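Remarks on the overall topology
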Amino acid sequence: MGSSVADSLTVATFNVNGIRAARRRGFDQWLRARSVDVVALQELRCPAAELGAFPGYSAAVDVGSVAGRNGVAVLTRVPAAAVRTWVTHPPRARGLGEFAAQGRYIEVDLADRPVTVGCLYLPKGGLPAHLQRPGSMREQPDGGVKYERKQRFLAAFAREVHRNRLAALSAGREFVLTGDLNIAHTRHDVTNWRAARTMDGFLPVDREWFSSVLGTRRLVDVVRQVHGDRPGPLTWWSWAGRSFAKDVGWRVDHQLATPGLARLATSVVVDKEPSPAERLSDHAPLVVTYSAMPDREVLVPSAGHIEDGNAGDLGINSGPSARVVGS
C-alpha cells in the first residue's frame, strides 16, 4: 500500500512503574494534555482485566504471565496495521525463550506511517559475583544470578532486534526501538558516572552491548543525536532522598531508530514533573518528534503475520496475556 504523510510524528516512551499507580498520580491527564501520536509503555504491572481504556488511543498490550511484574503496551491514535508480541510471535533468537511469556516486548506496524515501533522492558540485572560484597549491597548477594540472566537476554536480543530491523526495512518501513533498557550508555547519561562504573546498568559489559547495537547503518541513539554530547537528558531518578530535586539520575529510557528515521528527529523532551509531589513514576516520559516522512511504498504483511490484529480486524490476540484494545 502507499503511504502519504503530511504531519510530524511524536513518539513517547514511558516506564510507568505500575499503570494503576501512575493513573492515581495523573497519568491520564498527562496523556490527554500531551496528545502524542504513539506511546510506548513499560512496567504496566497490571492484569489485562484491570488495565482499563486509553481514550483516544488503540492499545496493543502484553501484560505477561508474572502477576504484578513487567508488562508492555503501545498506544496509537490509529489502530496498528499489525501487532507482534512474543506470545503471538515467539522470538527467533536462541536464548529468549525463557523470557517470552514475561511481557517484555511488543512490536506494532503503524497504519498511518511507514514505521515499525518496538517497545522493550529489558530485565534489570545485578552485579557479577566477583563484585558482590555482603553488607555493601541493597539486595542480598545472589552469586551473579541476575547478572547472568541479563547477559543472556542481551546476547540474544541483539540478534533478535537485528532481525526485526531488517524485516521492517525489507517491508519499506523504518524501525524504532523504544523503552526502558536498564542501561545508561555514556557518561552523559549518568550524573555520578564515575561511581556508576561498578553499578548494574553502567558496567563496561552493559555499555559495550549498547554500542554493539548502534551504528550508522544499524540503529542510532536519537536522543544523543539531537541533544548532543553533553550531560543529560535524564529519565530516571530514585524515589529516595533528594535525587529528583537535585536532578541526580540516569537516562535508561531510549529511542533507537534506523538512520532514515533518526535523521528526521527534530526535538527531544523529557516531561520531568515540576516537583517530587507531582511525579507519575520514578521515570519520566521521553518524547521525540520526527518531521514528516516522504511518500514510500509499504509492503502489506502476509496473512500469517497479521493474524493477531490489524486495522480491519482488531481483537484478542492469541495467548492469555496479549491483546489489542480499541480506543
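Quick caveat, the model's predicted, so the values are computed rather than measured.

Two elements in contact, helix α3 (residues 145–170) and helix α5 (residues 204–213), have axes separated by 11 Å at closest approach and are oriented at 10 degrees. Here α3 lies roughly parallel to α5, going by the angle between them. Side by side, α3 and α5 meet where Y147, K150, Q151, L154, A155, F157 and A158 of the first sit next to V205, D206, W209 and V213 of the second. Within the contact of α3 with α5, the residues separate by chemical class into eight nonpolar, one polar and two charged.

Glancing now at the packing of aromatic side chains. What the rule picks out here adds up to 13 aromatic pairs. Here the aromatic rings of F27 and F54 are separated by 6.3 Å at their centres, their planes lie at 85 degrees, and the arrangement is edge-to-face. Of this pair, F27 sits in helix α2 (residues 27–34) while F54 sits in the loop between β3 (38–42) and β4 (58–62), and the two are 27 residues apart along the sequence. The burial state of F27 is the same as that of F54; both residues are buried. Ring geometry for F202 against W250: centres 6.3 Å apart, planes inclined by 80 degrees, an arrangement best described as edge-to-face. Taken together, the positions of F202 in the loop between α4 (193–196) and α5 and W250 in the loop between α7 (243–246) and β11 (253–257) put the pair 48 residues apart, joining distant regions of the chain. In this structure, F202 and W250 share a single accessibility class: buried. Counting every residue linked through ring pairs, the aromatic cluster contains W86, F99, Y105, F153 and F157. Seen from the ring of F202, R207 lies directly overhead, with NZ or CZ sitting 4.1 Å from the centre. The lysine or arginine in question, R279, covers the ring of W239, its NZ or CZ lying 4.4 Å from the ring centre.

Right, let's get into the nonpolar core. Within the largest apolar cluster, 27 residues are counted, with the highest numbers of intra-cluster contacts made by V108, V115 and Y290. When residues of this core are traced back to their parent elements, those giving at least two are β2 (9–15), β3, β5 (72–76), β7 (105–109), β8 (115–121), α8 (259–262) and β13 (286–290). With four residues, the top contributor of residues to this core is β8. In terms of nonpolar packing, the next biggest core, distinct from the first, is built from 24 residues, L154, F175, W209 and L219 among them.

Turning next to the side chain of K150. Here K150 shows up in helix α3. With relative accessibility at 1%, the residue K150 sits in the buried group. Each residue touching K150, except ones within four places of it in the same chain, is listed here: L122, P123, K124, G125, N182, I183, D200, G201 and D206.

Here the focus is the pairing of β3. Looking along a regular strand, one sees side chains alternate from face to face of the sheet. The element β3 is extensively covered by neighbouring structure, given that five of its five residues are classed as buried. Both faces of β3 are covered, namely the face carrying V38, A40 and Q42 and the face carrying V39 and L41. Across five bridges, β3 lies against β5 in antiparallel orientation. Bridging across to β5, V39 finds its partner in L75.

Moving on, we get to the layout of surface pockets. Any empty space left between atoms is shown by rolling a water-sized probe over those atoms. Within this model, the largest pocket holds a volume of roughly 1500 Å³. Lining the largest pocket are 43 residues, with K124, R138, E139, D200 and W236 positioned closest to its centre. The biggest single contributor to the lining of the largest pocket is α3, with four residues. In terms of residue class, the lining of the largest pocket is made up of twelve nonpolar, 17 polar and 14 charged.

Conventions we followed
Residues numbered from 1 in each chain as written. Predicted model: local features only at pLDDT ≥ 70, side-chain atom pairs only at ≥ 80, totals over all residues. Heavy atoms only, no water. Axes fitted to C-alpha atoms, helices over the stretch in contact; angles between N-to-C directions. Helix = DSSP H or I, 4+ residues; strand = E, 2+ residues; numbered from the N terminus. Parallel < 35°, antiparallel > 145°, perpendicular 65-115°, else oblique. Contact = heavy atoms within 4.5 Å. Nonpolar A, V, L, I, M, F, W, Y, C, P; charged D, E, K, R; others polar. Phe/Tyr/Trp six-rings, centres within 6.5 Å; stacked < 30°, edge-to-face > 60°. Buried < 20%, exposed > 50% of the residue type's maximum accessible area, 1.4 Å probe, protein only. Lys NZ or Arg CZ within 6 Å of the ring centre and 35° of its normal. Core = buried A, V, L, I, M, F, W, Y, C linked by side-chain atoms within 4.5 Å. Pairing = 2+ DSSP bridges. 1 Å grid on protein atoms, 1.4 Å probe; cavity = no way out; pocket = protein on both sides within 12 Å on 5 of 7 lines; lining within 4 Å. Points joined across faces, edges and corners; volume = space filled by probe spheres on them.

By themselves, these observations are geometric and do not establish any function.
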